[in-house]
Amino acid sequence: MVESIAATSLLGHCPAHGRSYSKNGSRKRKPFEVCRIPITKFLGRKLAYSPPLSRFGVYRLTFPSIEAQAMELTKEANSYRKEQIPGGGFDYWIDTGVDRKAGFWPPENKADNPSLHNPLLRQERMGCGWLGAIFEWEGVLIEDNPDLEKQAWLALSQEEGKSPPPAFVLRRIEGMKNEQAISEVLCWSRDPAQVRRMASKKEDIYQALHGGIYRIRSGSREFVNVLMHYKIPMALVSTRPRKILENAIGAIGIEGVFTVIVVSEDVHRGKPDPEMFVYAAQLLNLIPERCIVFGNSNLTVEAAHDARMKCVAVASKHPVYELGAADFVVRHLDELSVVDLKNLADIESVEFGSVEPELEMEDEDLPYSTSSVDVNDDFW
């Protein structure tokens, strides 16, 4: 009888295992199972509940664990912050007395996936091994003089008897491979042998003007050391030949830092084509969405975004306001932190089982007919 009453009551929502007594026809007290009256709301830190249902013959309700359950529900409702006392062999829990929302600290790690049952894999995803850094050479790690590149092209055009390229053409071929610029933009020759000869000659002119003196940019070495400390894989991309680039790396003393080095011999096209960055991500064994490109021009930003990578622009030869298309703009690399890199690469992708829903276009109900033919109802 009491079970049916509790089931139809507004307060009776879940069965319990408490015991009570009622009077039967023989005036004897007989124990039976009843339904626990649930707690419906909290008034501050006080527990509010309804009095016993004496009118239905229920004289006494006994709940052995009511105090513990009430404390648990009260703490859950107010979202108290619990802190464990460090040290010692006992687990003591104290209440700070500060009301905070659940999950306020520590912040949620978007790289974590609780559905993974392998703790080592979860720790790897929550660490830094799931993102990669792809660096350009000139203007990012070392100081760059853009005038040397223009002087090399003008000298080559004079030696080859070609018309000197105007300034807007020189800006267009920045970051391109020499072969790509000669054959596609300058259109000096279509013969592969002649293109390779002029490209090699142009590189020799540039190195002669440069003098083989390399100076690392302020903050670049410190930032690279931080990434090495956190074991973040790094790649270096450049349109220079491999031999020249390896000699330059040895000159500034950063040998063995980069896991992958991509040079002009490894790719067919340079910027703004994303081929260099995509190939570097493949060698790092990372998806493009988990790679961050560090460059110093809008051509780098365009190539990185075409490869679905985030881009950090270093304002070395362009002002900050001209690099607004980048995801992050700094003057020196040591202005960044590992937290900034994680925030750039914490996008939700198919790798973590979440896909952005596709937008569906709804057909708007037109108040009038779209047909160009008028129909006269009186005709029928």
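Before any of the text, the structure's been laid out above.
A brief structural summary.

Here is what the cut-offs are and how they apply
- Residues numbered from 1 in each chain as written.
- Predicted model: local features only at pLDDT ≥ 70, side-chain atom pairs only at ≥ 80, totals over all residues.
- Heavy atoms only, no water.
- Buried < 20%, exposed > 50% of the residue type's maximum accessible area, 1.4 Å probe, protein only.
- Helix = DSSP H or I, 4+ residues; strand = E, 2+ residues; numbered from the N terminus.
- Pairing = 2+ DSSP bridges.
- Phe/Tyr/Trp six-rings, centres within 6.5 Å; stacked < 30°, edge-to-face > 60°.
- Contact = heavy atoms within 4.5 Å.
- 1 Å grid on protein atoms, 1.4 Å probe; cavity = no way out; pocket = protein on both sides within 12 Å on 5 of 7 lines; lining within 4 Å.
- Points joined across faces, edges and corners; volume = space filled by probe spheres on them.
- Nonpolar A, V, L, I, M, F, W, Y, C, P; charged D, E, K, R; others polar.
- Axes fitted to C-alpha atoms, helices over the stretch in contact; angles between N-to-C directions.
- Parallel < 35°, antiparallel > 145°, perpendicular 65-115°, else oblique.
- Left-handed = near helix turned anticlockwise from the far one by under 90°.

**Here's the deal with the pairing of strand β11 (residues 291-295)**
Then, in step 1: For β11, a buried count of five out of five residues is recorded, marking the element as mostly surrounded by other parts of the structure.
Then, in step 2: What you see with β11 is no split at all: C291, V293 and G295 on one side and I292 and F294 on the other are buried throughout.
Then, in step 3: With four bridges joining them, strand β8 (residues 132-136) and β11 adopt parallel strand pairing. Across the sheet, G132 pairs through a bridge with C291, a residue of β11.

**Describing the packing of aromatic side chains**
Here the distance between the centres and the angle between the planes together describe a pair of aromatic rings.
Then, in step 1: A complete count under the given rule lists five aromatic pairs for this structure.
Then, in step 2: The interplanar angle of 75 degrees and the centroid separation of 6.2 Å between the aromatic rings of F135 and F223 together place this pair among those described as edge-to-face. Residue F135 is found in strand β8, and its partner F223 is found in helix α8 (residues 220-229); the two are separated by 88 residues along the sequence.
Then, in step 3: The exposure class assigned to F135 is buried, which follows from its relative accessible area of 0%.
Then, in step 4: Taken together, a centroid distance of 6.3 Å and an interplanar angle of 70 degrees make the contact between W153 and W188 edge-to-face. With W153 in helix α4 (residues 146-160) and W188 in the loop between α6 (178-185) and α7 (192-210), the pair connects residues that are 35 residues apart, well separated along the chain.
Then, in step 5: Under the relative-accessibility criterion, W153 is labelled buried at 3%.

**Here we look at the environment of I254**
Then, in step 1: With respect to the helices and strands, the residue I254 is situated in the loop between α9 (242-252) and β10 (260-262).
Then, in step 2: I254 gets classed as buried once you look at its relative accessible area, which sits at 10%.
Then, in step 3: Separated by 30 residues in sequence, I254 and V224 place their C-alpha atoms 9.2 Å apart.
Then, in step 4: Contact partners of I254, with chain neighbours within four places excluded, come to W137, R221 and I249.

**A word on empty space enclosed by the protein**
Then, in step 1: For the coordinates displayed, the defined rule picks out two cavities of 30 Å³ or more.
Then, in step 2: Estimated volume of the largest cavity: approximately 500 Å³.
Then, in step 3: Taken together, 29 residues make up the lining of the largest cavity; nearest its centre are E138, E149, E174, G175 and R240.
Then, in step 4: Where the lining of the largest cavity is concerned, the elements lending two or more residues are α4 and α7.
Then, in step 5: With four residues, the top contributor of residues to the lining of the largest cavity is α4.
Then, in step 6: Class assignment for the residues of the lining of the largest cavity results in 10 nonpolar, seven polar and 12 charged.
Then, in step 7: Approximately 40 Å³ is the volume found for the second largest cavity.
Then, in step 8: Taken together, L141, I216, S220, R221, V224, I254 and F258 make up the full set of residues lining the second largest cavity.

**Considering the packing of α6 against α7**
Angle between the axes and distance between the axes: these two values describe a pair of packed helices.
Then, in step 1: Where α6 contacts α7, the two axes come as close as 8 Å, and the packing angle between them is 125 degrees. Relative to α7, the element α6 lies oblique. Seen from above, α6 lies across α7 with right-handed handedness. Contact residues: α6 offers N178, E179, I182 and S183, while α7 offers V195, M198, A199, K202 and E203.
Then, in step 2: Here the contact of α6 with α7 is built from residues that sort into four nonpolar, two polar and three charged.

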